[in-house]
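Architecture at a glance
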Amino acid sequence: MRAAVDLDRAPILPFPAAAVLGAWDGGRLAAKVPTAPLRRTFGAVLPAVAAGTAVW
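Quick look at the structure, then. Note that residues are indexed from 1 along each chain, following the sequence as it is written. Selection of residues for local features in this predicted model requires a pLDDT of at least 70, selection of side-chain atom pairs for listing and counting requires 80 or more, and totals for whole chains, interfaces and linings are taken over all residues. Hydrogens and water are ignored here; the side-chain numbers use all heavy atoms of the structure.

Observations concerning the overall build of the protein
Runs of E in the DSSP output that reach at least two residues are strands. Runs of H or I that reach at least four are helices, and both are numbered from the N terminus. The helix and strand tally for the protein stands at two helices and zero strands. Every radius of gyration here is taken over C-alpha atoms, with the globule rule written as 2.2 Å times N^0.38, N being the number of residues. Taken against the 2.2 N^0.38 rule, which gives 10 Å for 56 residues, the C-alpha radius of gyration of the protein at 17 Å runs more than 25% over that of a compact globule. Referenced to the eigenvectors of the C-alpha coordinate spread, the extents of the protein come out at roughly 45 × 30 × 20 Å. We call a residue buried when its accessible area falls under 20% of the maximum for its residue type, exposed when it is over 50%, and partly exposed in between, using a 1.4 Å probe and counting protein chains only. Expressed as a percentage of its 56 residues, the buried residues of the protein come to 0%. Shrake-Rupley sampling with a 1.4 Å probe provides the accessible areas, and residues are treated as covered by the protein chains on show and by no other component. About 5300 Å² of surface is accessible on the protein, with carbon and sulfur atoms providing 71% of the total.

Written out as structure tokens, the structure reads:
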């Protein structure tokens, strides 16, 4: 079954590509950095992203 909407793939493709590269680099970084700083950084960034999303 084909979708009713035909999407232009050119602007869509960078997002999954960035997700794959980010996951790969994040895994390598997580292996080198101690857990506590990663958790603190995530704890600081998450509310900032949530606030930015709520405002935007």
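A word on the pattern of salt bridges
Put simply, a salt bridge is a Lys or Arg side-chain nitrogen that is within 4 Å of an Asp or Glu carboxyl oxygen. According to the stated counting rule, one finds one salt bridge in the structure shown. Ionic pairing is found between D25 and R28, a salt bridge with its closest N-O pair at 3.8 Å. Residue D25 and its partner R28 are located together in helix 1 (residues 14-32), separated by three residues, close to a single helical turn.

Things to note about the packing of aromatic side chains
Any two rings among Phe, Tyr and Trp, with Trp reduced to its six-membered ring, count as a pair given centres within 6.5 Å; such a pair is stacked if its planes are under 30 degrees apart, edge-to-face if over 60, and tilted if neither. A complete count under the given rule lists zero aromatic pairs for this structure. Residue placement shows R28 over the ring face of W24; its charged tip is 4.8 Å from the ring centre. Our definition puts a charge over a ring when NZ of Lys or CZ of Arg is within 6 Å of the ring centre and also within 35 degrees of the ring normal.

Concerning a nonpolar patch on the surface
Residues V5, L7 and I12 make up a contiguous nonpolar surface patch of roughly 290 Å² in combined accessible area. If you trace the backbone, I12 turns up in the segment before helix 1. Here, patches come from residues exposed beyond 30% relative accessible area and free of salt bridges, joined within 9 Å for like charges and within 5 Å for nonpolar side chains (Val, Leu, Ile, Met, Phe, Trp, Tyr).

Here's the deal with the environment of A50
Structurally, A50 is set in helix 2 (residues 35-55). Put simply, A50 and P16 are 34 residues apart on the chain and 21 Å apart in space, counted from C-alpha to C-alpha.

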